[in-house]
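# Summary of structural features
These are the residues of each chain, in order.
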Amino acid sequence: MRRLLLVLANDVRRHLKAPMAILIFMVIPLGMTGLIGVIFAPQTEGSELPPISVLLVDNDKGLASKLLVGAFDVDQMKEMFQVTVTDEADGRKRMGRGKASAMVVIPEGFTLDLLDAKPVTLLVVKNPSEQFLPDVVEEFMNTMAVMLSGVVQAFAEEVRGIRAMLDRPVESFPWDKLGPEFGKAQKKVVAARTYLDPLILRLKAEETKAAGARTSFTQADLFSAVLPGMAVMFLLFIVQTLMRDIISEREDGKLRRMLTTPLRPIELIGARIAGGWVMGIAVLLVMVAAGTLIFRATWGPLGGFLLLGAVASFWAAAFFALLHALVRNRNQSGAFSAPIILAFSLFGGSMMNLEAMPKAFRTVGILTPNRWFIDGAALLRDGRFPFVPILILAGSGILLLALAVPALRRRTSV
Amino acid sequence: MAGNDLRIMVGDKAFFFWTLAFPIFFIVMFGLLYKSGENAPAVAELTVVNLDEGRWGGYFVEKIKAPNLTIKTADAEPAEYSRLLVLPADFSARIEARRDQALAFKKRSGASVKAAARVETRLYQSIARVISELVLYGEGDLTKFLDGHPEFRDIVRVESRFPEKTVTVVPSGFDHSIPGTTIQFIMMMVIIYGGVTVLEDRKKGVLARMLFSPLSTADVFQAKLLGRWSLGFLQALMLIVVGKIFFGLNLGSLPLALLVIAVFALAMAALSVFIGSLCTKEDMIIGLAVLLANMFAGLGGCWWPNEIVPPAVRRVAMISPAHWAMDALHKLRFFQGGFADILPNLGVLLALSVVLAVVAGRAFKIRD
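Description of the structure in this document. Just so it is clear, the model here is predicted, and its values are computed rather than measured. (Residues numbered from 1 in each chain as written. Chains lettered and ligands numbered in written order. Predicted model: local features only at pLDDT ≥ 70, side-chain atom pairs only at ≥ 80, totals over all residues.)

### Details of the overall build of chain B
The criterion, for reference: Counting from the N terminus, the helices are the DSSP runs of H or I reaching at least four residues and the strands are the DSSP runs of E reaching at least two. Two residues form a contact once the distance between their C-beta atoms, set from the backbone, is within 7 Å.
Within chain B one finds 13 helices and five strands. Each principal axis of the C-alpha distribution contributes one length, and for chain B these read about 105 × 45 × 35 Å. Sequence-distant contacts in chain B: of pairs separated by 6 or more residues, those separated by 24 or more amount to 83%.

### Considerations on the interface of chain A and chain B
Short version of the rule: Three residue categories are used. Nonpolar comprises Ala, Val, Leu, Ile, Met, Phe, Trp, Tyr, Cys and Pro, charged comprises Asp, Glu, Lys and Arg, and polar comprises the others, including Gly. Between any two strands, pairing holds if DSSP finds at least two bridges.
Residue-level contacts link 77 residues of chain A with 79 residues of chain B. Those elements that provide at least two residues to the side of chain A that touches chain B are helix 2 (20-40), helix 5 (88-96), strand 4 (120-126), helix 7 (133-154), helix 9 (178-196), strand 5 (201-208) and helix 15 (330-348) of chain A. Per-element accounting of the side of chain A that touches chain B gives the leading share, 16 residues, to helix 7 of chain A. Counted by class, the side of chain A that touches chain B contains 47 nonpolar, 17 polar and 13 charged residues. In this structure, strand 4 of chain A lies alongside strand 5 (residues 156-161) of chain B, joined through six bridges in parallel fashion. Bridge assignment links Val120(A) to a residue of strand 5 of chain B, and that residue is Val156(B).

### Quick notes on the sheet that holds strand 4 (residues 101-108) of chain B
Threshold: To obtain an axis, a line is fitted to C-alpha atoms, over the contacting stretch when the element is a helix, and the angle between two such axes runs from 0 to 180 degrees between their N-to-C directions.
Taken together, the five strands give an open sheet; going across it, the order is 5(A)-4(B)-3(B)-1(B)-2(B), and neighbouring strands pair in mixed fashion. At either margin of the open sheet sits one strand with a lone partner, and together these are strand 5 of chain A together with strand 2 (69-74) of chain B. Pairwise comparison of adjacent strand axes, ignoring direction, gives a mean angle of 25° for this sheet. Contacts from helix 5 (residues 113-137) of chain B reach strand 5 of chain A together with strand 1 (44-50), strand 2, strand 3 (83-87) and strand 4 of chain B, with the element oriented near 165° to strand 5 of chain A.

### Points about helix 7 of chain A
Selection criterion: Here, expected helix span is obtained from the residue count minus one, scaled by 1.5 Å. Counting other C-beta atoms within 10 Å of each residue's C-beta, where C-beta atoms are placed from the backbone, gives the exposure class: buried for 20 or more, exposed for 12 or fewer, partly exposed between.
Taking 1.5 Å as the rise per residue, helix 7 of chain A with 22 residues should run 32 Å; its terminal C-alpha atoms sit 32 Å apart, in good agreement. Within helix 7 of chain A, 18 of the 22 residues are buried, which leaves the element mostly enclosed by the surrounding structure.

### Describing the environment of Lys184(A)
All names here are of chain A. Note on placement: Lys184 falls in helix 9. Looking at Lys184, the number of C-beta atoms within 10 Å reads 12, which means it is exposed. For Lys184 and Glu157, which are 27 residues apart along the polypeptide, the C-alpha to C-alpha distance reads 9.6 Å.

This is the structure in structure tokens:
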């Protein structure tokens, strides 16, 4: 045991002397988490989208078109849309170069047609390289169309009056007869206020989880959700790099020389696996500290998370011990390890949200350590102890170790 | 020498996995995700729990109905739903008493955001329709409203289309995922393979032995650069051919798309020689390659549509070579752009290639 610990301590010292590769592998998950957090965090309260760039072409320049343009000027809409009023030629040129999400064209004669209650059409030109934002503009315009249609119908008589005013010369207009008309309009406005202030029907939208629990997602929550996936992915890379010593020492003759000492193969194997395990835990600890300091990520009870991390690191050490017992040389090790890690990460949910994946991919994900580590971290954040993920990682880790040790003993004998 | 380098790299058994099989796996994965972004539920689903004791609940549900919307009814809140609207027991009573009310609309997290937005918009439109009818009805007795009232008419309509001389049909998910994956894997593979082989050749003394032939250090450097450029371009060609055959990939102008990829691969080739000359360990090169390729790909729009990225990040993205390549490929594919449209992008990528080649040339070492 003493000799095992001496080899282990020597290995740890050796890796700490040249830590560049490990440091880079630790920077990557933090960098990726930062990038994802910055991009996908809610932009403003209640909005998950950046301001939508809209070009507005007013070919009508009448009362109704001004009302429509004004709708984009309401505070809530100002946060949602970044509107540029322009002429049609410039708008077409800009849309042809993809400089806005959409262009809204209000046709000539829009106000007069509306006052005549004739059907009118608003044109929305959508950016073909964008998949989501142009549709938001289209739906917003659809809603505006419904509202305008409603106003025109509700105040049909008044609208006709305004139309008549526009057609007649000012001097021939019967101003003295306008009093009662204004009175009627006032009554309608007062009646409308009953429905509009406050709105008689409103929506109270909320987001729910499968169990029905309410969620509100902050940037720190996003970091907390993304970081465990990234951390376990690069934990696998780091442990794999460390465990590659098993092969490289065999290749460059160090193993043969070490076994001329009173060191037994089982001690050497034990030291290598323990080295990968201990370094894995250390790496996770550094990532937890960095994630907490930089991103204010939350991990749930620290003791529980460390246990989960220790089990995941043990799994990784046992898995790569077995893999390195099966491959012939460093090249084979590199050729197999990286694809396996990336496949684990892709199916296990390190690279994308599990809920966004096809069902078959999620099923395959059950076979990966990433999935159980991510699930365990999520349970801890929800205040629950991750019994099942820990049991599965520990159980399968022990099984891998049981297969790895005899295989490695055969490869380690001189 | 460049041909020999390429032959050695292609001869590696893992080469086809990394340059072809693995990117295709990514293409399929992201292609399916993009497709579902377009949106998986062509018909969005809404579950309505109508507890209303009067007639207005049914009337409101009729107003919500639309061709792109499926309405399911339930007596109580079900365990499984994507979007749920609850009409309370006093829904009619409150309307008839002209008292305001807020309707609970629940969206399940993880369900399609686009479908949720479509349903929510439809609900707002239905509310606007009902309120318009109420205003039109005036101060009359609302208990008799449903026995006869003026119907809402859509006087204002909205028509949508793409700009002239661009696409006529919505591009497929693979038209988004193949260029992004190609650009990302050119970065990753050229830097890893290119960098590691420069390091190995130097460490094993291969570069030093080459100088015994009638070659100068500059010749060796140029050959290394050309070899790595060929690797990147070959990889792109393979992915494009696979994309054309199996996924009906459309890149707009193929020669111009290849030109963009060629210039981009040149910049990555120079970066790989630079990193290979600078690093002393293989693990460092792999780590740097993964770091740079992932950061550049994320910033450059290879993974997600750039439209959802905040404006500040979009400005930062200009430091990513992938941004310039992806932007050029978007101009070609989605806007049917020509040479003049992508000239600024080519200029930036070419300038970057020259700068990186100069820096790599200075860092290039024959011996450690």
